[in-house]
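Descriptive analysis of the structure
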Amino acid sequence: MNKHAAPHFYLWIHGEGRDGNVQPAEIKSPFDGSLVGTVSMAGRRQIRDAIHSSQSACQALKAMSRFKRAELLLRMRDSLRDIRAELVDALILEGGKPRMFAEQEFARTLATFSWAAEEARRFTGEIVPLDGMERGIGYEGYTRREPLGVIFGITPFNFPLNLVAHKVAPALASGNAIIIKPATNTPIAALLMARVASAAGWPDGSLNVLPMRHRDVPLLLTDERVRMVSFTGSPDVGWRLKRAVDKQCMTLELGGNSGSYVDSDADLAWAAERLALGGFAQAGQSCIAVQRIYVQQQVYEPFLEMIVAQAKATRAGNPHDPDTVVGPVISAQAAERIMAIIEEAVGAGARIACGGHRLALGIGNVIEPTVLTDVHENMLVCSKEIFAPVITVLPVAGIDEAIRHINASPFGLQAAVFSRHLPSVQAAIERIETGGVIINDFPTFRVEHMPYGGIKASGLGREGIRSAMLEMSEPKMVVTRLEPRAEA
């Protein structure tokens, strides 16, 4: 993408770019406010057209061989690779993602399509041993995994390429058509992906991308031709959408306020390095960003000194700079919300060990890496998802107290434990109430094919390629009566 121009991007419906009948949106850089481009916005007519288009593609997708699905997914991967520079620029410009993480997200997107192609080849049901019961003697059974049909995917601003891929790739791999509503702030990467899908040879309607107004989303939630809704975003919006859905299946990936424990026998330097990166990278705008750190009290002071040093050494600034780790948060409204949460904590007794300010860079949406101490669980900085380059550090007596703190959260996405003590590790695995527990690395760890998702307020269902394919398909039981034969 030419960063000096302001191109227009059209909706993608049934294999072609189309205009909307709603006022186009302006996409502006969250770093300097410059105009990145304009984007068509879908109205009710375009939404109806997209649903019809997706439904028309379902029969061809369901009949398509596993080999062909895998082949087309690999074509998409290769075509995405061909426009790497344009996609990386889009991530930097529309979302303010630092260049090093934009490159990383691009590489992860290619891996997502590669793994989806492999899963497409082998995705199947299971043998059911019916003769394990007397009534089933003389019968054989197995299940087929069949696509649900039209899927509606809603994606957030923070990973506008790879989180789109995490809905698109498993949907296509399992034979579904999908409509994507990208985040209003960051729709360009998804629209570029849709063009790549059509060029790769997927049937028209396999992937439609519709930037749209929030008030028009219920048209898709209530249409019975849409069989599943897959949402990634804020808990407030996700649970509200769930109440609006009638008969559709639904998965929700809703974020959290990840807790981590550092034990007295942990490698403190490694823990400080990883937890700082997990808390500050991409301005902390990740649902598994480090937020709450509990440290065994014997090593609290040296650990705090190390992580403050890491924070001070973390570069914040222009996302185009290859050395920048902390870019802007997505908007001025987000920056104001974050600063209010920091001020609320300080007013309630928290201490700023470092950071705590908005930097005079760009239009003021860069917040310096911040470490807070003397916090308690009732502060918003602990109890809510802050989505910012802000972490809290608190001493605890040991693993039992740390687990109590981690589990006190209404969220339950991922947690981390740094320890060499096997009983502490085992206690964490067994008793921490989250969808994932990471041992000796940050809770921000995610590989594309691992089952990923949360419990409690953090969501429903699982992503990760095969896990998402299971969510996007349903089993059909097949029973065959055999010719009668004598028991041995």
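Structure report, in brief. (Residues numbered from 1 in each chain as written. Predicted model: local features only at pLDDT ≥ 70, side-chain atom pairs only at ≥ 80, totals over all residues. Heavy atoms only, no water.)

1. A word on the overall build of the chain
Using the following cut-off: By the criteria applied, helices consist of DSSP H or I runs no shorter than four residues and strands consist of E runs no shorter than two, each listed in order from the N terminus. Radius of gyration here is computed from C-alpha atoms only, and the compact-globule reference equals 2.2 Å multiplied by the residue count raised to the power 0.38. Exposure classes here rest on a 1.4 Å probe applied to the protein chains alone. A residue is buried below 20% of its type maximum, exposed above 50%, and partly exposed in between. Whether two residues touch is decided by their heavy atoms; if any such pair falls within 4.5 Å, the residues are in contact. Using the Shrake-Rupley algorithm and a 1.4 Å probe, accessible areas are obtained, with residue cover drawn only from the displayed protein chains. For the purpose of charge, His is not counted, nor are the chain termini; Lys and Arg are scored as positive and Asp and Glu as negative. Charge placement uses NZ in Lys and CZ in Arg. For Asp and Glu, CG and CD serve respectively.
Secondary structure assignment for the chain yields 15 helices and 23 strands. A compact globule built from 488 residues should have a C-alpha radius of gyration of about 23 Å, and the chain, at 24 Å, falls within 12% of that. Over its C-alpha atoms, taken along the principal directions, the chain stretches across nearly 75 × 65 × 40 Å. Split into buried and exposed, the 488 residues of the chain put 57% on the buried side. Considering only contacts within the chain whose residues lie at least 6 apart along the sequence, 73% involve residues at least 24 apart. For the chain, the accessible surface area stands at approximately 19800 Å², while carbon and sulfur atoms represent 52% of it. Averaging the coordinates of the 51 positive side-chain charges in the chain and doing the same for the 53 negative ones gives two points 6 Å apart.

2. Observations concerning empty space enclosed by the protein
The condition is simple: Only protein atoms enter the calculation, which uses a 1 Å grid: trapped sets of points that fit a 1.4 Å probe without letting it out are cavities, open sets showing protein on both sides within 12 Å along at least five of seven lines are pockets, and any residue with an atom within 4 Å of a point is a lining residue. Grid points are joined across faces, edges and corners, and a volume is the space filled by probe spheres set on the points. Only Asp, Glu, Lys and Arg are considered charged, only Ala, Val, Leu, Ile, Met, Phe, Trp, Tyr, Cys and Pro nonpolar, and every remaining residue, Gly among them, polar.
For the structure shown, the criterion picks out 5 cavities of 30 Å³ or more. Size it by volume and the largest cavity reaches roughly 100 Å³. Lining the largest cavity are 13 residues; nearest its centre among them are G95, K97, N158, Q282 and Q285. Residues of the lining of the largest cavity, tallied by class, amount to 7 nonpolar, 5 polar and 1 charged.

3. Considerations on the packing of helix α9 (residues 268-280) against helix α10 (residues 300-313)
The following threshold applies: Only the contacting stretch of a helix is used when fitting its axis, a line to C-alpha atoms as for every element, and angles between N-to-C directions run 0 to 180 degrees. To sort the angles, those under 35 degrees are grouped as roughly parallel, those over 145 as roughly antiparallel, those from 65 to 115 as roughly perpendicular, and the leftovers as oblique. Definitions for this section: a left-handed crossing has its near helix turned counterclockwise from the far helix by less than a right angle. A right-handed crossing has that turn clockwise.
Put simply, α9 and α10 touch, their axes get as near as 9 Å, and they point 45 degrees apart. As judged from the angle between their axes, α9 and α10 are oblique. For the pair α9 and α10, the sense of crossing is right-handed. Within the contact between the two elements, α9 uses L268, A269, A271, A272, E273, L275, A276 and F280 and α10 uses P302, F303, M306, I307, Q310 and A311. When the residues that make up the contact of α9 with α10 are grouped by side-chain class, the tally is 12 nonpolar, 1 polar and 1 charged.

4. Considerations on the layout of surface pockets
If you add up the space inside the largest pocket, you get close to 1300 Å³. In terms of lining residues, the largest pocket is bounded by 39 residues, among which F157, G233, S234, P235 and V237 are the most central. Secondary-structure elements contributing two or more residues to the lining of the largest pocket are α7 (218-221), β11 (226-232), α8 (235-244) and α11 (332-347). A total of 5 residues in the lining of the largest pocket trace back to one element, the largest contributor, which is α8. For the lining of the largest pocket, the per-class residue count stands at 20 nonpolar, 12 polar and 7 charged.

5. Details of the packing of aromatic side chains
Any two aromatic rings considered together are summarised by their centre-to-centre distance and by the angle between their planes. What counts here: The aromatic pairing rule takes the rings of Phe, Tyr and Trp, using the six-membered ring of Trp, and pairs them if the centres are within 6.5 Å, calling planes under 30 degrees apart stacked, those over 60 edge-to-face and the rest tilted. Whether a charge lies above a ring is judged from NZ of Lys or CZ of Arg, which has to be within 6 Å of the ring centre and within 35 degrees of the ring normal.
Applying the stated criterion across every chain, the model contains 1 aromatic pair. Ring geometry for F157 versus F387: centroids 5.9 Å apart, planes at 80 degrees, classification edge-to-face. Here F157, found in the loop between β8 (150-154) and α5 (162-173), pairs with F387, found in the loop between α12 (380-383) and β17 (390-396); they are 230 residues apart in sequence, far enough to count as distant. The exposure classification of F157 matches that of F387, with both residues buried. Lying over the aromatic face of F442, R274 brings its terminal NZ or CZ to 4.0 Å of the ring centre. Above the plane of the ring of Y452 lies R446, whose end atom (NZ or CZ) is 3.8 Å from the centre.

6. Brief notes about the sheet that holds strand β1 (residues 8-9)
Applicable threshold: In this scheme, strands are said to pair when DSSP sees at least two bridges between them.
Strand order in the open sheet formed by 3 strands is β1-β5-β4, with mixed pairing between adjacent strands. Edge positions in the sheet fall to β1 and β4 (22-28), since each of these pairs with one other strand and no more.

7. A word on the environment of G284
Position of G284 among the secondary structure elements: in the loop between α9 and β14 (292-296). Each C-alpha atom, one on G284 and one on I386, is 8.4 Å from the other, the two residues being 102 residues apart in sequence. When neighbours within four sequence positions are excluded, G284 is seen to be in contact with G279, A289, F387, A388 and P389.

8. Remarks on α9
The cut-off we apply is this: Given a helix with a known number of residues, its expected span is that number minus one, times 1.5 Å.
Here α9 spans 18 Å end to end across 13 residues, near enough to the 18 Å set by a 1.5 Å rise per residue. The set of residues buried in α9 consists of L268, A271, A272, R274, L275, A276, G278, G279 and F280. Packing partners of the buried residues in α9 comprise β13 (259-262), β14, α10, β16 (370-373), β17 and β19 (414-418). With its phi angle positive at about 55 degrees, Q282 sits one or two positions after the end of α9.

9. Observations concerning the sheet that holds strand β6 (residues 127-128)
Strand order in the open sheet formed by 3 strands is β6-β7-β23, and the pairing between neighbours is antiparallel. The strands lining the two open edges of the sheet, one partner per strand, are β6 and β23 (473-481). Note: strand β7 (residues 139-147) against β23, 9 bridges, orientation antiparallel. Each bridged residue has a counterpart across the sheet, and for E140 the counterpart in β23 is T480.

10. Brief notes about the pairing of β4
Of the strand pairs in this sheet, β4 and strand β5 (residues 35-41) are connected by 5 bridges, and their pairing is antiparallel. Each bridged residue has a counterpart across the sheet, and for E26 the counterpart in β5 is T38. Here β4 folds back onto β5, and the loop between the two strands holds 6 residues, one of which, G33, carries a positive phi near 80 degrees.

11. Topic: the packing of helix α3 (residues 84-95) against helix α4 (residues 99-122)
Where α3 contacts α4, the axes come no closer than 9 Å and their chain directions differ by 130 degrees. Comparing their axes, α4 and α3 come out oblique. Crossing handedness for the pair α3 and α4: right-handed. On the side of α3, the interface is formed by R84, L87, V88, D89, L91 and I92, while α4 contributes R99, A102, E103, E105 and F106. Its residues placed into classes, the contact of α3 with α4 shows 6 nonpolar, no polar and 5 charged.

12. Observations concerning the side chain of S458
Formally: For this analysis, a polar contact is any N or O atom pair within 3.5 Å, provided that within protein one partner can donate a hydrogen and the other can accept it, and provided that sequence-adjacent residues contribute only side-chain to side-chain pairs.
With respect to the secondary-structure elements, S458 resides in the loop between β21 (455-456) and β22 (459-460). Residue classification places S458 among the buried residues on the basis of a relative accessible area of 0%. Within the structure, S458 has its side chain in polar contact with the backbone oxygen of G255 (distance 2.6 Å). Among residues more than four places away in sequence, those in contact with S458 are L252, E253, L254, G255, G256, F411, G412 and L413.

13. Section: the pattern of salt bridges
Note the following rule: Here, a salt bridge means any Lys or Arg side-chain nitrogen found within 4 Å of an Asp or Glu carboxyl oxygen.
For the structure shown, the criterion picks out 28 salt bridges. Note that K97 and E105 form a salt bridge whose closest N and O atoms lie 3.1 Å from each other. We classify K97 as buried; its relative accessible area is 5%. Close ionic contact of K456 with E433 constitutes a salt bridge, the shortest N to O distance being 3.7 Å. Separated by 23 residues along the polypeptide, K456 in strand β21 and E433 in the loop between α14 (422-431) and β20 (436-439) bring together distant segments of the chain. Looking at K456, the relative accessible area reads 32%, which means it is partly exposed.

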